[in-house]
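Observations on chain architecture
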Amino acid sequence: MEKKLASFKVFLKMAKDLEGTEPVIALCCRMYYLEKYLGLKKQANLQISPEENAELTKVLDAVSETKKIYPMSKEEIKDMLEDFCGKSFVRMDKEDHTVPKLTKEHASRFNTTAHFIELLSIYDGMTPKWEEKMKYCKLKASSILKCLKQGVDPPRGNPNNPDPPPGAEPKPEDGKAPPDYPPSFQSPAQNPSTGQFVSPPNFNQPSAPRFIEPPGPPAGYGLQPPRPANAPQSYLPGPSPQLGYTGGSQPASAVVGKRKIDPKNPYNEMGKIVRQHPKYFDVVDKAQKLLEHAMTDLNSKGLARAVKNLEDAYKLLDQLEN
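What comes next is a walk through the structure. Worth saying up front: this structure is predicted, and the values here are computed from it rather than measured.

**Digging into the pattern of salt bridges**
By the definition in use, this model includes 14 salt bridges. Its salt-bridge partner being Glu52, residue Lys41 comes within 3.1 Å of it at the nearest N-O pair. Here Lys41 is found in helix H3 (residues 23–43), whereas its partner Glu52 is found in helix H4 (residues 50–69), with 11 residues between them in sequence. For the pair formed by Lys41 and Glu52, the shared burial category is buried. Taking the shortest distance from any N to any O, the salt bridge between Asp83 and Lys289 comes out at 3.4 Å. Linking Asp83 in helix H5 (residues 74–98) with Lys289 in helix H8 (residues 278–299), this pair joins segments that are 206 residues apart in sequence. Overall, Asp83 belongs to the partly exposed group, its relative accessible area being 35%. The class of Lys289 is buried, set by a relative accessible area of 2%. Beyond isolated ion pairs, a larger network of salt bridges with shared partners links Arg91, Glu95, Glu105, Arg109 and Asp282.

**Description of the nonpolar core**
Membership of the largest hydrophobic core comes to 46 residues, with the highest contact counts inside it found for Phe11, Tyr33, Leu81, Phe116 and Leu119. Contributing elements (two or more residues each) for this core: helix H2 (9–18), H3, H4, H5, helix H6 (104–118) and helix H7 (128–150). When residues in this core are grouped by element, the largest group, 11 residues, is from H3. Ile273, Tyr280, Leu290 and Leu320 belong to the second-largest nonpolar core, a separate cluster that totals eight residues.

**A closer look at the environment of Arg109**
Mapped onto the elements, Arg109 comes out in helix H6. The buried category is assigned to Arg109, whose relative accessible area is 18%. Between the C-alpha atoms of Arg109 and Ser88, which are 21 residues apart in sequence, the distance is 9.2 Å. Apart from the residues lying within four places of it in its own chain, the contact partners of Arg109 are Arg91, Met92, Glu95 and Asp282. Within the structure, Arg109 has its side chain in polar contact with the side chain of Asp282 (distance 3.1 Å).

Reading the values: rules and limits
- Position numbers for residues count from 1 along each chain, tracking the sequence in the order it is written.
- In keeping with the model being predicted, local features are shown solely for residues with a pLDDT of at least 70 and side-chain atom pairs are shown and tallied solely at 80 or more, while totals for entire chains, interfaces and linings include all residues.
- Values shown for side chains rest on all heavy atoms present in the structure; no hydrogens or waters enter the calculation.
- Each reported salt bridge corresponds to a side-chain nitrogen of Lys or Arg within 4 Å of a carboxyl oxygen of Asp or Glu.
- Each helix is a run of H or I in the DSSP string that is no shorter than four residues. Each strand is a run of E no shorter than two, and both are numbered from the N terminus.
- For the exposure calls, accessible area comes from a 1.4 Å probe over protein chains only, and a residue counts as buried if that area is under 20% of its type's maximum, exposed if over 50%, partly exposed in between.
- What we call a nonpolar core is a set of buried Ala, Val, Leu, Ile, Met, Phe, Trp, Tyr and Cys residues that are connected through their side-chain atoms within 4.5 Å.
- The contact criterion used throughout is that any non-hydrogen atoms of two residues lie within 4.5 Å.
- Two N or O atoms form a polar contact when they lie within 3.5 Å of each other; inside protein one atom must be a possible hydrogen donor and the other a possible acceptor, and for residues adjacent in sequence the pair counts only when both atoms belong to side chains.

Below, the structure written as structure tokens:
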């Protein structure tokens, strides 16, 4: 029983991490903790100790304070929570398919996303769709940890039906081998007049490459400017026009290499968070939430709170690479 009670402490930690950027979601975490903790105590007919009472009082005070700042209805909180859970699930699914390597941190974040979805139960929002997503996140978290423990790369996508490795051939359906040519040409046809069978064309046989003559240079390209009539013998014509190209072996825009993202170091040489790094998307998501809260505060005449949220959003965005 004590172990089960202690397992609810994770929601207090989540609330503490979110209270600066997601105060309404932090409110949901604390309310879920109170409901589950007190409900389990009552079910087991256990008394609340003075230490527990002091901690529960702090949680209740934090809930009351948040409700004063954000006087929202149950439906409004439920809609905001569903939106938050949806974005969190989509972000984790995107990272699952794009990050170079899945780590313990991704397993922890999948588990946290499952906890977020679990909060919907206190607002009667745990539909079969959300329950399926919650189970999927828990399955992903356990699959990643299990694979890392075994020293193998965790599968991408659904662990029960993982995505094929990059460059792999798609699996045939129903145990049937894929056809060598389109289905309409799978068997030879018989000519009704002669009775002879005509083999279908082999669409897998590559055709001979066709030579396409490249287009000629534009008019005036590469021509030297005319020599002035009274020019001295040492006169040398200027460089031929190169369509805006000023020199060098090739235009700089042509030298574009694939950028390598270091999952352990999200910062560039200027100290900014590089694009395409998971931390970049996290910061953008937090900034968007702060902007949404600022709009909500303006509508409820909370000008000071709106200004603070805007300032916090600017500080987050200032960390990003342009």
